[in-house]
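If you want the building blocks of each chain, they are given just below.
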Amino acid sequence: MKITKLSLITALAISSAMAGGDIAPVEPAVETPSAEACNANTTIDGKATLYYITADAAPFDLFDEEASKLGAAATVNVSHKIIENITANITAVGFTNLTDDGGYYEGVENGAYFNVANITASYKDTTLIAGRQLLGTPMVQGYDWLLAPGSFEAYTLVNTSISNVTLVAAYIDEWRPNNSGVDFMELDGDNWTAGASYAGKAFSASGWYYNVDALAYTQVYADVSTKLAGIEVAAQYAGTDWDGADNSDAFGIKASTEVSGVSLMGAYNNVSDNVAGYVGWNGLYTNSWNTTVANSVGNAFKVEAATEFSDLSLTASYAYYEYENALEEGHEFDLIAGYALTNCIALNAIYSNTDYGDGENINQLEFIATYKF
């Protein structure tokens, strides 16, 4: 929706003097823009969220007050075009916890913060985003879970001068991890990434380099995908060079297709010698709702099926994680349902059963109601 009143007009005081007759008031030399013209450059949208989560992790049972959280949040996105090709973007998040026995979302009872606050400037095929922003690279990205996604204070350049090719470079100063509170934390050292992606008719591919001094590693990442006989196949590699520790090699393959309106996917990852580096979240193929394969060492596979009918969407998946250095193998089963009650109201429910390699099966339920405006 549009801002209803955002006047940028400064009042002009005009004085008149009498000197033997009337003197006409002086007209302004430059026409002041109208409020309507300024408001046309500004857009606002957002959402209100009610989020409940409970789990039976020992020593609690499902729905125990000590194992449950209920909170509400409002997210407001504001975008204002300052001049042609320069835009200011702000995302404000305000939240409150409605229960306290199970702890607080974001670590405090109430709070507010700017998850996004940046200037976006474009010139021909190049765009600069400077300030708080969401990043979506393969191995550095914000995890969109609970009340708001993780975000970064960064400077990002994007160029699309070459047909079908996108070049990206980002330097990261600060990071607000998912569900970590209202403050951004400064990252030590130099933390940056540079990458290129190609999206053609025959295949797609990308390659990235990461330098993450804050976590003491460098990393190369590459992936490629194509479609063969109606089946999309993809492969990925992430090689992490840890300072003072064993390096890590992560390989992955994935195949997906659609049969009678049902989307099917099968994926395999192998992480060897050490865990893979990432910040926030990552794009490894066998990740699940609660589990990232980057934290495991060994073999992992995942199968998934998803479908939609009427206003209901359903996704079911099962993933196995070897956890080479843990007590035993782990797994995760997820069942995710979404229902569009109206064009503005959505209801979601997630059930997950997770074993992180310690032999304990944790059942978790999440219920989300979202109103978009």
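All values reported here derive from a predicted model rather than from experimental measurement.

A. A look at a nonpolar patch on the surface. Taken together, I253, Y268, F301, V303, Y318, F333 and L335 make up a surface patch of nonpolar side chains, about 590 Å² in accessible area. Contributing elements (two or more residues each) for the nonpolar patch: strand 17 (298-309) and strand 19 (330-340). Turning to its location among the elements, Y318 is positioned in strand 18 (residues 312-321).

B. A look at the pairing of strand 11 (residues 203-212). Pairing of strand 10 (residues 191-199) with strand 11 involves nine bridges; the strand directions are antiparallel. What sits directly across from G195, in strand 11, is W208. Note that strand 11 and strand 12 (residues 217-228) share 10 bridges and pair antiparallel. Bridge pairing links Y210 to Q219 in strand 12. Following strand 11, the chain reverses through four residues before pairing antiparallel with strand 12; A216 in that reversal takes a positive phi of roughly 65 degrees.

C. Spatial organisation of empty space enclosed by the protein. Throughout the structure, instances matching the rule amount to one cavity of 30 Å³ or more. Here the largest cavity defines a volume of roughly 80 Å³. Taken together, V140, F152, I172, L187, N191, W192, T193, Y210, N211, V212 and V279 form the lining of the largest cavity. Breaking the lining of the largest cavity down by element, the ones donating at least two residues are strand 10 and strand 11. Broken down by class, the residue content of the lining of the largest cavity amounts to eight nonpolar, three polar and no charged.

D. Layout of the nonpolar core. M139, V140, F152, I172, Y210 and V279 are the most contacted members of the largest nonpolar core, which totals 28 residues. If sequence neighbours within four positions are ignored, V140 has contacts with L135, F152, I172, Y210, V279 and W281. Core analysis: the second largest hydrophobic core is formed by 12 residues, Y105, Y113, L146 and I368 among them.

E. Representation of the pattern of salt bridges. Tallying each qualifying case throughout the model produces four salt bridges. Across the salt bridge formed by E153 and R132, the nearest N and O atoms sit 3.4 Å from each other. Pair noted here: E153 is in strand 7 (residues 151-159) and R132 is in strand 5 (residues 126-133), with a separation of 21 residues, a long-range link. Owing to a relative accessible area of 18%, E153 belongs among the buried residues under this scheme.

F. View of the packing of aromatic side chains. For the structure shown, the criterion picks out 16 aromatic pairs. With centroids separated by 6.1 Å and ring planes inclined at 70 degrees, the aromatic side chains of Y51 and Y105 adopt a geometry described as edge-to-face. Highlighted residues: Y51 in strand 1 (residues 42-55) and Y105 in the loop between strand 3 (86-97) and strand 4 (110-123), separated in sequence by 54 residues. The exposure class of Y51 is buried, given its relative accessible area of 3%. On the basis of relative accessible area, Y105 is assigned to the buried category, the value being 1%. Taken together, Y143, W145 and W281 form an aromatic cluster joined through their ring pairs. R132 extends its terminal NZ or CZ atom over the ring of F184, reaching a point 3.9 Å from the ring centre.

G. Main features of the pairing of strand 19. Of the pairings in the sheet, the one linking strand 18 to strand 19 comprises 10 bridges and is antiparallel in character. Bridge assignment links A316 to a residue of strand 19, and that residue is L335.

H. View of the confidence of the model for the chain. Chain-level statistics for the chain give a pLDDT mean of 90 and a share of 90% at 70 or above. Scored below 50 in pLDDT, residues 1-32 shows 25 contacts in the model against residues more than four places distant or in partner chains.

I. Representation of the side chain of S248. Along the chain, the position of S248 falls in strand 14 (residues 248-259). Aside from chain neighbours lying at most four places away, what touches S248 is A238, G239, T240, W242, V271, S272, N274, V275 and A276.

Reading guide: rules and limits
Numbers given for residues are sequential positions, taken from 1 along each chain in its written order. Per-residue local features of the predicted model are confined to residues with pLDDT of at least 70, and side-chain atom pairs are confined, for both listing and counting, to 80 or more; whole-chain, interface and lining totals are unaffected and use all residues. The basis for every side-chain value is the complete set of non-hydrogen atoms in the structure, without hydrogens or water. Patch membership requires more than 30% relative accessible area and the absence of a salt bridge. Residues of like charge join within 9 Å; the nonpolar side chains Val, Leu, Ile, Met, Phe, Trp and Tyr join within 5 Å. Here the accessible surface of atoms and residues is derived via Shrake-Rupley with a 1.4 Å probe, and residues count as covered only by protein chains that are part of the display. By salt bridge we mean one thing: a side-chain nitrogen of Lys or Arg within 4 Å of a carboxyl oxygen of Asp or Glu. Runs of E in the DSSP output that reach at least two residues are strands. Runs of H or I that reach at least four are helices, and both are numbered from the N terminus. Between any two strands, at least two bridges found by DSSP are needed for them to pair. Grid spacing is 1 Å over the protein atoms alone, the probe is 1.4 Å, and a cavity is where that probe fits but cannot get out, while a pocket is an open set with protein on both sides within 12 Å along at least five of seven lines and lining residues have an atom within 4 Å of a point. Grid points are joined across faces, edges and corners, and a volume is the space filled by probe spheres set on the points. We call Asp, Glu, Lys and Arg charged. Ala, Val, Leu, Ile, Met, Phe, Trp, Tyr, Cys and Pro are nonpolar, and the rest, Gly among them, are polar. For our purposes a nonpolar core is just a set of buried Ala, Val, Leu, Ile, Met, Phe, Trp, Tyr and Cys residues, chained together by side-chain atoms within 4.5 Å. Note on classification: 1.4 Å probe, protein chains only; a residue is buried when its accessible area is under 20% of the maximum for its type, exposed when over 50%, partly exposed between these limits. Here, residues are in contact when the closest pair of their heavy atoms is within 4.5 Å. The aromatic pairing rule takes the rings of Phe, Tyr and Trp, using the six-membered ring of Trp, and pairs them if the centres are within 6.5 Å, calling planes under 30 degrees apart stacked, those over 60 edge-to-face and the rest tilted. Geometrically, a charge over a ring is one whose NZ (Lys) or CZ (Arg) sits within 6 Å of the ring centre while staying within 35 degrees of the ring normal. Per-residue confidence from the predictor is reported as pLDDT, which spans 0 to 100.

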